[in-house]
Amino acid sequence: MKLYSVLTYNFNDYEIMREPKEIDPDCEYIYITDNENLKSNIWKIIVDHSLDDLSPFEKTFRVRYNLFNYATTQVCICLDGSIQINKSLRKLYNDFIKSDCELGINVHPERERIDAEYLTWIRYRNYPVINAHACMSFMESHGYDFDYKGLYQATFRIVKNTQKNIEIDHTVFNILKMIGQDGIERLDQTIYSFVLNMCRDEIKPKIFPMSQQIMQSEFLTWNLHKTNIPIPFNKCCIKDDGWIYCNPVKLYKLYLDYTED
């Protein structure tokens, strides 16, 4: 039995396959795809035909928010398909387990509020205003306070197989389906942030807050889509502080010589 899983996904050949450069023999490496021709000596390739008739976004989110349909371990590190593994992630797994947290998430390095993320996507990523309006109206109808600080990325997560995490992920997916303008809403990290921030105290998972530095380190490289060109490094990615549940926190960073104080 492996200790933990690393899971990634690639649909409609949106990405190139990136083989891990260093592996951990105690890790299960899972690659979910719709390409029957892909081969790997490291990744366990899974073609899930239950996803066949879905859009690429829905395929992605059905995997991203149902990790333990595929992972056989109790901890799963979920990576976007654009991330290259350079080093074994055993140290990250060990530090997460030592933290006694239930969920590891990347705190957004540049923005703290959900409404600011929508404005940025509209301005720079051609995101439809109608989608932003629908999402924020839904949040407002549930009493969400947009002054609440807590914006998290979905590109990289560490998830324990707990009932809390399963319920959160299923809630996120169901909302994405319900408010989507074209079958499913495509900006999921704001909805994920909303659901986490709105959790009642008794079901809030204890969060392991991670810096984006992890995805731009010796361990991982975050690349531009379909290339091996790293995403340009932004000094915001190495900041020390962030916000979880509207509280300031220190962000975890991963270094080859990193030790706890």
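Predicted model only: the values in this text are computed from it and were never measured.

1. Things to note about the pattern of salt bridges
All chains considered together, the criterion is met by 19 salt bridges. Between R18 and E15 there is a salt bridge, with the nearest N and O atoms lying 2.8 Å from each other. The salt bridge involving E117 is made with R111; its shortest N-O contact spans 2.6 Å. Take E117: its relative accessible area is 1%, and that puts it in the buried class. R111 gets classed as buried once you look at its relative accessible area, which sits at 18%.

2. Comments concerning the nonpolar core
Among the nonpolar cores identified, the biggest contains 52 residues, and L7, I32, Y118, I191 and L196 are the most heavily contacted of them. When residues in this core are grouped by element, the largest group, six residues, is from helix α5 (residues 163–179). Each residue touching I32, except ones within four places of it in the same chain, is listed here: L7, T8, Y9, N10, F11, I46, V63 and Y70. Residues Y31, V75, Y93 and F156 belong to the second largest nonpolar core, which totals 27 residues.

3. As for the environment of T155
Tracing the backbone through its elements, the reader meets T155 in strand β7 (residues 152–160). Note on T155: relative accessible area 10%, which makes it buried. Considered as a pair, T155 and S193 are 38 residues apart in the sequence and their alpha carbons are 13 Å apart. Contact partners of T155, with chain neighbours within four places excluded, come to C78, L79, D80, I83, M215 and W222.

4. A short note on the pairing of strand β2 (residues 27–33)
In terms of residue burial, β2 counts as a mostly covered element, since seven of its seven residues are buried. Residues C27, Y29, Y31 and T33 line one face of β2 and the alternating positions E28, I30 and I32 line the opposite face, and both faces are buried. Pairing between strand β1 (residues 4–10) and β2: seven bridges, direction parallel. Each bridged residue has a counterpart across the sheet, and for T8 the counterpart in β2 is Y31. Bridging between β2 and strand β3 (residues 44–47) involves four bridges; their strand directions are parallel. Across the sheet, Y31 pairs through a bridge with I45, a residue of β3.

5. Focus on the packing of aromatic side chains
Using the criterion set out here, one finds 14 aromatic pairs in the structure. On the basis of an interplanar angle of 80° and a centroid distance of 5.9 Å, the ring pair of Y29 and W43 is categorised as edge-to-face. In this pair, Y29 is assigned in strand β2 and W43 in the loop between β2 and β3, connecting sequence segments 14 residues apart. Neither residue differs from the other here; Y29 and W43 are each classed as buried. Ring geometry for W121 against Y127: centres 6.0 Å apart, planes inclined by 90°, an arrangement best described as edge-to-face.

6. Brief notes about the sheet that holds strand β8 (residues 207–210)
Note: strands within a sheet are paired through backbone hydrogen bonds, in either parallel or antiparallel orientation. Spatially, β3-β2-β1-β4-β7-β6-β8 is the arrangement adopted by the seven strands of the open sheet, whose pairing is mixed. Bordering the open sheet on either side are β3 and β8, each of which pairs with just one other strand. Between one strand axis and the next, the sheet turns by 25° as a mean value, whatever way the strands run. As paired strands, strand β4 (residues 75–79) and β7 are joined by five bridges and run antiparallel to one another. Bridge pairing in β7 places V75 opposite K160.

Parameters and conventions
Residues numbered from 1 in each chain as written. Predicted model: local features only at pLDDT ≥ 70, side-chain atom pairs only at ≥ 80, totals over all residues. Heavy atoms only, no water. Salt bridge = Lys/Arg side-chain N within 4 Å of Asp/Glu carboxyl O. Buried < 20%, exposed > 50% of the residue type's maximum accessible area, 1.4 Å probe, protein only. Core = buried A, V, L, I, M, F, W, Y, C linked by side-chain atoms within 4.5 Å. Helix = DSSP H or I, 4+ residues; strand = E, 2+ residues; numbered from the N terminus. Contact = heavy atoms within 4.5 Å. Pairing = 2+ DSSP bridges. Phe/Tyr/Trp six-rings, centres within 6.5 Å; stacked < 30°, edge-to-face > 60°. Axes fitted to C-alpha atoms, helices over the stretch in contact; angles between N-to-C directions.

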